[in-house]
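If you want the building blocks of each chain, they are given just below.
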Amino acid sequence: MFENIIKFIRQLYGSNGTIPLHEPRFIGNEKKYLNQCIDSTYVSYVGEFVTRFEDIIKEYTGAKYAIATANGTLALHAALLLAGVKNNDEVLTQALTFVATANAITYCGAKPIFIDSDRETLGMSPVKLEEFLKNETIIKDDGFCYNKQTGNKISACVPVHIFGHPVKIEHIKSICGKYNITLVEDAAESLGSFYKEKHTGIFGKIGILSFNGNKLITTGGGGMIITDDENIARQAKHITTTAKVSHKWEFFHDEVGYNYRMPNVNAAIGCAQMESLPKYLDNKRETAALYKVFFNELGISFLVEPEGCGSNYWLNAIILKDRVQRDEFLEYCNNNRVMSRPIWTLMNKLPMYQHCQHINLENAQWLEDRVVNIPSSVRV
Ligand SMILES: *Cc1c(COP(=O)(O)O)cnc(C)c1O
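Along each chain, residue indices are assigned from 1 in the same order as the chain's sequence is written. At least 70 in pLDDT is required for a residue's local features to be given in this predicted model, at least 80 for side-chain atom pairs to be given and counted, and no such filter applies to totals for whole chains, interfaces and linings, which use all residues. No hydrogens and no water enter the side-chain calculation; it runs on all heavy atoms of the structure.

The next thing to look at is the pairing of strand 1 (residues 65-69). Most of strand 1 is tucked away: four of the five residues are buried. In the sheet, strand 1 pairs with strand 11 (residues 223-227) via five bridges, with the strands oriented antiparallel. Bridge pairing in strand 11 places Ile67 opposite Ile225. A simple rule labels every residue: compare its accessible area, found with a 1.4 Å probe on the protein chains alone, to the largest value its type can have, and call it buried under 20%, exposed over 50%, or partly exposed in between. Helix and strand assignments follow DSSP, with helices taken as H or I runs no shorter than four residues and strands as E runs no shorter than two, numbered in order from the N terminus. When DSSP finds two or more bridges between two strands, those strands count as paired.

Following this line, the structure appears as structure tokens:
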């Protein structure tokens, strides 16, 4: 069976060589814009392409404001600070996510609490989230939600749209509203993914995107903070540019800021990549449809977009029988130079997060044992 899978993937990508999991494509104006950027001498974070890239993302996502950052992890760190996450606070997120989500929470001096996943979306389970909040927290007189066990404030909730598949964001949003917890969306993987016609990342107070080399489009390294809140947008720009107060010559910084802005060279690539985005999305949708038919015939479950959602199908995933079959599959594919990867190890198993609170993680564990990604690059 594995042999047939390899054969199919090789056919799909028309290659007998190594097939990577997700490689970037530069088929548009990338070199042209890079040359313009270099000729302008504005290669750092002042420059036309940064503003242009922010405008393009605003328009595409429907967010009122977009602030470009050096990568997605830093965008999330800044977003959490702006969401009001303080030292010793606690932040709800998923056990099954990329480590950057938990790291950004930790950079704020806060502790993550790991919630279980939803098997349909792979993202945070709203049912499990509400169960935790109902049983383990209280709303104090100040109107905020506190962890009964630790006495600490739970200031934010960070669901993740895994592999581009939108989480049940409306349900999660309504629960966060009920408990007065700020919703911050990790939409790092979901540029081009829509939940009921609305782009992912704009449901929460703040959302973030990533343009790392392995994401759907890339700027080399890059991220974006998106929000509808004017005040947060202004502060986002301020703290990501060393909190410098604008002045013709004076250096005055009014708080501890960060050097988190996206350089103009990276934004130049991003502007070109965004021109190709519609093509990429069509291409990936077609690949996913072919995979789906193929795996259905084999009786292997292929992950599809949740109902009512439009997924970007960033990374295609299949769900195998159990962990034994998963490991056999990974071994076979990688030995045959077709890259496949398991979904991440649950955060609560990593040394730095094993002491963090988590609820029953039966779905996350079930998924960890079975989900693997298969080659998903845009086909040329
Ligand atoms: C890629 C990713 C990030 C971080 O983005 P970088 O640009 O690589 O820093 C954060 N969260 C998730 C879920 C990601 O996949």
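With that out of the way, let us pick up the sheet that holds strand 6 (residues 154-158). The strand order 1-11-10-7-6-2-3 describes an open sheet built from seven strands, whose pairing is mixed. Of all strands in the sheet, those bounded by a partner on one side alone are strand 1 and strand 3 (111-115). Between one strand axis and the next, the sheet turns through 25° on average, direction left out of account. Bridge count between strand 7 (residues 182-186) and strand 10 (residues 206-210): three bridges; the pairing is parallel. From the neighbouring strand, Glu185 faces strand 10, where its bridge partner is Gly207. Lines fitted to the C-alpha atoms define the axes, with helices restricted to the stretch that makes contact. Angles between their N-to-C directions range from 0 to 180 degrees.

Now for the side chain of Arg326. Here Arg326 shows up in helix 10 (residues 323-335). Among the polar contacts listed, one links the side chain of Arg326 to the side chain of Asp327, at a separation of 3.0 Å. In this structure Arg326 touches Leu320, Pro342, Glu368, Asp369, Arg370 and Val372, once residues within four positions along its chain are discounted. We define a polar contact as two N or O atoms separated by no more than 3.5 Å, with the added condition that, inside protein, one atom must be a possible hydrogen donor and the other a possible acceptor, whereas residues neighbouring each other in sequence contribute only through side-chain atom pairs. We call two residues in contact when some of their heavy atoms are within 4.5 Å.

Attention now goes to helix 11 (residues 362-370). Of the positions making up helix 11, those classed as buried are Asn363, Ala364, Leu367, Glu368, Asp369 and Arg370. At its buried positions, helix 11 is contacted by strand 14 (316-319), helix 10 and strand 16 (371-374).

In this section: the pattern of salt bridges. Salt bridge, as used here: a side-chain nitrogen of Lys or Arg that lies within 4 Å of a carboxyl oxygen of Asp or Glu. With the rule as written, the count across this model stands at 16 salt bridges. Each of Arg323, Lys349, Glu368 and Asp369 takes part in a single network of salt bridges with overlapping partners.

Surrounding the ligand, one finds 15 residues, the nearest of these being Gly72, Thr73, Glu189, Ser210 and Lys215. Here Asn71 contributes a side-chain N or O atom positioned 3.4 Å from an oxygen atom of the ligand. Against a free-state accessible area of 380 Å², the protein chains account for coverage of 93% of the ligand. As a working rule, the residues Ala, Val, Leu, Ile, Met, Phe, Trp, Tyr, Cys and Pro are called nonpolar, Asp, Glu, Lys and Arg charged, and the rest polar, with Gly in that last group. Classifying every residue of the shell around the ligand by side-chain character gives four nonpolar, eight polar and three charged. Any residue with at least one heavy atom within 4 Å of a molecule or strand is counted as near it. What sets the accessible areas is the Shrake-Rupley method with a 1.4 Å probe; for residues, cover comes only from the shown protein chains.

Further remarks concern the packing of aromatic side chains. Each Phe, Tyr or Trp ring (for Trp, its six-membered ring) is paired with any other whose centre lies within 6.5 Å, and the angle between the two planes then decides the class: stacked below 30 degrees, edge-to-face above 60, tilted in between. A complete count under the given rule lists 15 aromatic pairs for this structure. An angle of 0° between the planes, with centres 6.3 Å apart, marks the rings of Phe295 and Phe302 as stacked. By the burial criterion, Phe295 is buried, and Phe302 matches it. Over the face of the ring belonging to Tyr33 we find Arg52, whose NZ or CZ atom lies 4.8 Å from the ring centre. The lysine or arginine in question, Arg119, covers the ring of Trp366, its NZ or CZ lying 4.1 Å from the ring centre. We call a charge positioned over a ring when the NZ of a Lys or the CZ of an Arg lies within 6 Å of the ring centre and within 35 degrees of the ring normal.

A helix is expected to reach a length of 1.5 Å times the quantity of its residues less one. With 13 residues, helix 10 extends 18 Å from end C-alpha to end C-alpha; this agrees with the ideal 18 Å at 1.5 Å per step. Buried within helix 10 are the following residues: Gln325, Arg326, Phe329, Leu330 and Cys333. The buried residues of helix 10 occupy an angular sector of 135° when projected down its axis, which confines them to one face. Away from its buried face by more than 90 degrees, helix 10 exposes Val324, Glu331 and Asn335. In this structure, the buried side of helix 10 is in contact with helix 1 (2-13), strand 14, strand 15 (341-342), helix 11 and strand 16. Its side-chain oxygen at 3.3 Å from the backbone nitrogen of Val324, Asp322 defines the N-terminal cap of helix 10. Among the residues trailing helix 10, Arg337 stands out with phi positive, at a value near 60°. Note that the arc is computed from the directions linking the helix axis to the C-beta atoms.

We now examine a nonpolar patch on the surface. Surface patches are defined over residues having more than 30% relative accessible area and no salt bridge, joining like charges when they lie within 9 Å and nonpolar side chains (Val, Leu, Ile, Met, Phe, Trp, Tyr) when within 5 Å. Taken together, the side chains of Tyr42, Tyr45 and Val46 define a hydrophobic patch exposed on the protein surface, amounting to about 310 Å² of accessible area. By the secondary structure assignment, Tyr45 is in the loop between helix 2 (30-40) and helix 3 (48-61). Using a relative accessible area of 34% as the deciding quantity, one classes Tyr45 as partly exposed.

The next thing to look at is the nonpolar core. Only buried residues count toward a nonpolar core, which is a set of Ala, Val, Leu, Ile, Met, Phe, Trp, Tyr and Cys residues joined through side-chain atoms within 4.5 Å. Counting residues in hydrophobic clusters, the biggest one holds 75 residues, and the most contacted among them are Phe53, Ile57, Leu92 and Phe163. With eight residues, helix 9 (residues 264-298) is the largest single contributor of residues to this core. Residues contacting Phe53, with those up to four places away along its chain left out, are Phe211, Ile217, Thr219, Met224, Met262, Ala267, Gly270, Cys271 and Met274. Of all hydrophobic cores here, the second largest spans 27 residues; its members include Leu74, Ala75, Val158 and Ala233.

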